Every structure is written in structure tokens, then in C-alpha cells.
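Here is what each chain is made of, one letter per residue.
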Amino acid sequence: MDAELTALAAAGATALVQGMVTDGWGQVRDRVAGFFSRGRAGDEDVVAGELEEARAELAAARDSSDAEAEADVLAEWRGRMRRTLRADPVAAAELRSLLDELMPGGSEGERRGDVYNNLSGNVHGGIVIQSGSIGEVRNG
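Owing to the predicted nature of the structure, the values given are computational and were not obtained by experimental measurement.

A few words on the overall build of the protein. When helices and strands are tallied, the protein shows five helices and zero strands. Counting all 140 residues of the protein, 28% fall into the buried class. Taken as a whole, the protein presents about 9,300 Å² of accessible surface, with 47% of it coming from carbon and sulfur.

So this is what it looks like as C-alpha cells:
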């Protein structure tokens, strides 16, 4: 699968998992269920149920600080999106449109802005982890 579709699937899964913990979850669930069901009668309810199960798994993982289980939820939906895009290339335009709705300001990590992280104090031999898309990293 080409890199662009792989990135699109990853962006879609990330937006979905982020949406699972928002007040707008019902809208996210319904839109994503519509994407996966692709107009097949009855499938939308099945997918919505699977999304609710995934949301419950995510909530349980977060409550127990189980990062591996959180990652599993993301990986599951990333894989499903990748398979959907592979089976129907027209779905890519649909997913881009969905991401524009769910992530105003850009899909596929196109949100732009500067992020500045400052560490101060006594930091010796510690580990710093930054999560997200990292474009250009400069020391200075």
C-alpha cells in the first residue's frame, strides 16, 4: 500500500481514538460507523457497536494506566482503516473528508504550529518523551 494511504489510515485511527474520549463521541462514532459501513444496510449498527466496545476498552486501559492496551485499540482501528482503503481506493477521499470534519485545521497531520518544550532544573540521566508528529527538532 502506498505511503500516503498508510499515513491516511494512521491519521484516521488517531482521530478516532482521540474522539473516543471527547464530549462529541456520539457524532464521531456515527460518522466513522458510516464510513466503515459504506452505505450497507445494517452494517452501520454493527460497526457502531464495535466502536462502543473499543471505547470501553480504551477507557479501561486508561483507568488502569495500561499503555499497551491503549496502543492495541489504536492499532486495531488503524488496521481496519488500512484494509478499507486497500479494498476501495475511493474510500480515501471519504476518509479525508471525514478527517476534515473531525479535525478542523487539517487531516493527515497537516495542523501546523510551533511547539516549544523547555526543561529546567536538575535533570540528570532522566528520560524525556514527546508524543505526536515531530517535524524539525532543533537544539538551541
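In the Ramachandran plot, Ser65 falls in the positive-phi region, its phi being about 55° despite a non-glycine side chain. Here Ser65 is to be found in the loop between helix H3 (43–63) and helix H4 (67–87). Given a relative accessible area of 63%, Ser65 falls into the exposed group.

A word on the nonpolar core. The biggest cluster of nonpolar side chains holds 30 residues, and the ones touching the most others in it are Leu16, Met20, Leu51, Trp77 and Leu95. Breaking this core down by element, the ones donating at least two residues are helix H1 (3–19), helix H2 (25–37), H3, H4 and helix H5 (91–102). Sort the elements by how many residues they give to this core and H1 lands first, with eight residues. Non-local contacts of Leu95, meaning those with residues more than four positions away in its chain, are made with Leu8, Gly12, Phe35, Met81 and Leu85.

Summed over the entire model, instances satisfying the criterion amount to eight salt bridges. Put simply, Arg29 and Glu52 hold a salt bridge, and the shortest N to O gap is 2.6 Å. Placement of the pair is Arg29 in helix H2 and Glu52 in helix H3, with a sequence separation of 23 residues. Overall, the relative accessible area of 29% leaves Glu52 in the partly exposed class. Residues Arg80 and Glu50 are paired through a salt bridge, measuring 2.9 Å at the closest nitrogen-oxygen approach. Here Arg80, found in helix H4, pairs with Glu50, found in helix H3; they are 30 residues apart in sequence, far enough to count as distant. Here the salt bridges do not stand alone but share partners, grouping Arg29, Asp30 and Glu52 into one network.

Turning our attention to H5. In this model H5 runs 16 Å from its N-terminal to its C-terminal C-alpha over 12 residues, within 8% of the 16 Å that 1.5 Å per residue would give. Those residues of H5 that fall on the buried side of the exposure criterion are Ala91, Ala92, Leu95, Leu98 and Leu99. Viewed end-on, H5 has its buried residues packed into an arc of 120°, placing them on one side of the element. Summarising the contacts, the buried residues of H5 are in contact with H1, H2 and H4.

The rules behind each value
- Residues numbered from 1 in each chain as written.
- Predicted model: local features only at pLDDT ≥ 70, side-chain atom pairs only at ≥ 80, totals over all residues.
- Heavy atoms only, no water.
- Helix = DSSP H or I, 4+ residues; strand = E, 2+ residues; numbered from the N terminus.
- Buried < 20%, exposed > 50% of the residue type's maximum accessible area, 1.4 Å probe, protein only.
- Areas by Shrake-Rupley, 256 points an atom, 1.4 Å probe, with all protein chains shown as cover.
- Core = buried A, V, L, I, M, F, W, Y, C linked by side-chain atoms within 4.5 Å.
- Contact = heavy atoms within 4.5 Å.
- Salt bridge = Lys/Arg side-chain N within 4 Å of Asp/Glu carboxyl O.
- Expected span 1.5 Å × (residues − 1).
- Arc of directions from axis to C-beta.

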